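Below, each chain spelled out in residue letters.
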Amino acid sequence: MSVRLNQAQPYALGLFRAVIGFLFACHGAAALFGVLGGAMGGGSVPAGTWPGWYAAVIQLVGGTLVALGLGTRGAALIASGSMAYAYFKVHQPESLFPLQNGGEASAVFCWAFLLIVFTGPGALALDRLLSSRAAGTVRLTGSRAEKARPVSV
C-alpha cells in the first residue's frame, strides 16, 4: 500500500495546492468584488485601505497563481507571510489561541502555504509544463544525448 501512496503523492500534492489556492482566491474575490457573500458583513473592502485591500489583492492573485501552479513557491511564500501577519496583527492580540480569537483560517492558510513552499507544486502545475517546454527534455540514447521534441497539448 505504501508504494501506491508514494506513487500518488505528486498528484495528491497537486490537488492540495489547487484546492488551497482556489479557496484563498475566493477570499480575495469576496473582499475585492463583494461576490460570494462579500467581505465580513457583506460588500467589498474600499480600494487602497491598509491592510484589508492589500491582503485581498494578495489573496486573489496569490491564490490564483498557487491554484494554477504558476510561480508556486514564491506566491505561496508571500501568501503564507500575509496570513502570518493577519494572525499576529489582527487575531492574536484578541486571545492566544485561534479558536478563541477567530484566527483559524489565517493559521491554517499560513501553514498550508508554507508546506507548499517546501513541497513544491506537485503534479499538474503550469510551472512544470512551462519549464519542460522551455528547456526541452534531454534523452540519453546510446552514447549521445539528443533533445526531445516538445509535446504538443
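Residues numbered from 1 in each chain as written. Predicted model: local features only at pLDDT ≥ 70, side-chain atom pairs only at ≥ 80, totals over all residues. Heavy atoms only, no water.

Asker: How should I be thinking about the overall build of the chain in this particular structure?
Answerer: Helix and strand counts for the chain stand at 6 helices and 2 strands. Scanning the chain from its N terminus toward the C terminus, one meets helices and strands in the order α-α-α-α-α-α-β-β. Across the 153 residues of the chain, 31% fall into the buried class. Counting only contacts in the chain whose residues sit at least 6 apart along the sequence, the fraction spanning at least 24 positions is 60%. (Helix = DSSP H or I, 4+ residues; strand = E, 2+ residues; numbered from the N terminus. Buried < 20%, exposed > 50% of the residue type's maximum accessible area, 1.4 Å probe, protein only. Contact = heavy atoms within 4.5 Å.)

Asker: I tried to follow the environment of G34 on my own but got confused; where do I start?
Answerer: By the secondary structure assignment, G34 is in the loop between helix 1 (2-33) and helix 2 (52-68). By relative accessible area, G34 is classed as partly exposed at 32%. Separated by 10 residues in sequence, G34 and S44 have C-alpha atoms that sit 4.5 Å apart. When sequence neighbours within four positions are dropped, the list of residues in contact with G34 reads A29, G43 and S44.

Asker: Would you mind going over the packing of aromatic side chains with me for this structure?
Answerer: The geometry of two aromatic rings is summed up by the distance between their centres and the angle between their planes. Counting across every chain of the model gives 7 aromatic pairs. Centre to centre, the rings of F24 and F113 are 4.7 Å apart; their planes meet at 65°, and the pair counts as edge-to-face. On the criterion of sequence distance, the pair formed by F24 in helix 1 and F113 in helix 5 (residues 104-119) is long-range, its members being 89 residues apart. The two residues F24 and F113 agree in class, both being buried. Aromatic ring contacts, followed pair by pair, group W50, W53, Y54 and Y85 into a single cluster. (Phe/Tyr/Trp six-rings, centres within 6.5 Å; stacked < 30°, edge-to-face > 60°.)

Asker: Help me out: how do you make sense of the environment of H91 in this one?
Answerer: Tracing the backbone through its elements, the reader meets H91 in helix 3 (residues 72-91). For H91, a relative accessible area of 16% gives the class buried. Linking H91 and E104, residues 13 residues apart in sequence, is a C-alpha distance of 9.1 Å. Filtering out sequence-adjacent residues up to four positions away, H91 remains in contact with A86, N101, G102, G103 and S106.

Asker: Would you mind showing me how to read a nonpolar patch on the surface here?
Answerer: Residues L68, L70, L126, L129 and L130 make up a contiguous nonpolar surface patch of about 370 Å² in total accessible area. As for its placement among the helices and strands, L70 is situated in the loop between helix 2 and helix 3. (Patch = residues over 30% accessible without salt bridge, like charges linked within 9 Å, V, L, I, M, F, W, Y side chains within 5 Å. Areas by Shrake-Rupley, 256 points an atom, 1.4 Å probe, with all protein chains shown as cover. Salt bridge = Lys/Arg side-chain N within 4 Å of Asp/Glu carboxyl O.)

Asker: Explanation requested: the packing of helix 2 against helix 3 in the structure shown.
Answerer: Relative to each other, helix 2 and helix 3 sit at 145°, their axes nearing to 9 Å. Regarding helix 2 and helix 3, the two cross each other, and that crossing is left-handed. Seen from helix 2, the contacting residues are I58, Q59, G62, L65 and V66; seen from helix 3, they are T72, A75, A76, I78, A79, S82 and M83. Residue composition of the contact of helix 2 with helix 3, grouped by class: 8 nonpolar, 4 polar and no charged. (Axes fitted to C-alpha atoms, helices over the stretch in contact; angles between N-to-C directions. Left-handed = near helix turned anticlockwise from the far one by under 90°. Nonpolar A, V, L, I, M, F, W, Y, C, P; charged D, E, K, R; others polar.)

Asker: Before we go on, may I ask you to explain the layout of surface pockets in this structure?
Answerer: Here the idea is plain: a probe the size of a water molecule rolls over the atoms and shows the empty space left. Of the volumes computed, that of the largest pocket is approximately 750 Å³. Residue lining of the largest pocket: 28 residues in total, with M40, A55, Q59, M83 and A86 positioned closest to the centre. Listing elements by their share of the lining of the largest pocket, those giving two or more residues are helix 1, helix 2, helix 3 and helix 5. Among the residues forming the lining of the largest pocket, the class breakdown is 18 nonpolar, 9 polar and 1 charged. (1 Å grid on protein atoms, 1.4 Å probe; cavity = no way out; pocket = protein on both sides within 12 Å on 5 of 7 lines; lining within 4 Å. Points joined across faces, edges and corners; volume = space filled by probe spheres on them.)

Asker: It is not clear to me how the confidence of the model for the chain should be interpreted in this structure. Could you clarify?
Answerer: When pLDDT is low, close inspection of the predicted coordinates is not appropriate. The share of residues in the chain with pLDDT of 70 or more is 88%, and the mean pLDDT across the chain is 86. Counted against residues more than four places away or in other chains, residues 138-146, with its pLDDT under 50, gives 10 contacts. (pLDDT = per-residue confidence, 0-100.)

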